[in-house]
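Take a look at the letters that make up each chain.
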Amino acid sequence: MANWDYAALPKVLTPGRESRSFIAATAEDLKRALDASHDSLVFIEARMTPQDAPLSLILRRPRRGPLLRPATAAAPAREPDR
């Protein structure tokens, strides 16, 4: 995953709108964020170690973007064989 300031995303995605961001690195942090007043947009960045990731995410092969996949575009136009 990219190393972004995820807690700052609401300021970027919804400028001018009131929001609250929390970073939860422990169960206590998460509880505090969930117990806080939620009268506006709330964003919780949940941090975990790679070992805490869901097994399905750990086992999933990395996806490749369209530029990294083998060429799938149509071949250049040519005259049909006769």
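Data block above holds the structure.
Residues numbered from 1 in each chain as written. Predicted model: local features only at pLDDT ≥ 70, side-chain atom pairs only at ≥ 80, totals over all residues. Heavy atoms only, no water.

Undergrad: Go over the overall build of the chain with me, naming the residues and quoting the values.
TA: The number of helices and strands found in the chain is 3 helices and 2 strands. Going from N to C terminus, the chain has its helices and strands arranged as α-β-α-β-α. With 82 residues in all, the chain has 13% of them scored as buried. Partitioning the intrachain contacts of the chain with sequence separation of at least 6 by distance along the chain shows that 22% fall at a separation of at least 24. (Helix = DSSP H or I, 4+ residues; strand = E, 2+ residues; numbered from the N terminus. Buried < 20%, exposed > 50% of the residue type's maximum accessible area, 1.4 Å probe, protein only. Contact = heavy atoms within 4.5 Å.)

Undergrad: Explain the pattern of salt bridges to me, using residue names and the numbers behind them.
TA: Under the definition given, this model contains 4 salt bridges. Across the pair arginine 32 and aspartate 29 runs a salt bridge, and its minimum N-O distance is 3.6 Å. Within this pair, arginine 32 and its partner aspartate 29 are both found in helix α2 (residues 27-35), separated by 3 residues, close to a single helical turn. Given a relative accessible area of 23%, aspartate 29 falls into the partly exposed group. A salt bridge links lysine 31 to aspartate 35, with the shortest nitrogen-to-oxygen separation between them at 2.7 Å. Residue lysine 31 and its partner aspartate 35 are both found in helix α2; the two are separated by 4 residues, about one turn of the helix. Relative accessible area serves as the criterion here: at 53%, aspartate 35 is assigned to the exposed category. (Salt bridge = Lys/Arg side-chain N within 4 Å of Asp/Glu carboxyl O.)

Undergrad: For the environment of leucine 41, give the residues involved together with the corresponding values.
TA: Within the secondary structure, leucine 41 is located in strand β2 (residues 41-46). As for leucine 41 and arginine 20, which are separated by 21 residues in sequence, their C-alpha atoms are 6.2 Å apart. With residues up to four places along the chain from it excluded, the contact list for leucine 41 reads Pro10, Thr14, Arg17, Glu18, Ser19 and Arg20.

Undergrad: Now, about the side chain of glutamate 45: what can you tell me, with residues and values included?
TA: Assignment of secondary structure puts glutamate 45 in strand β2. Of note is the side chain of glutamate 45, whose polar atom sits 2.9 Å from the side chain of arginine 47. Those residues in contact with glutamate 45, other than ones at most four positions away along the chain, are Tyr6, Ala7, Phe22, Ile23 and Ala24. (Polar contact = N/O pair within 3.5 Å; in protein donor to acceptor, adjacent residues only side chain to side chain.)

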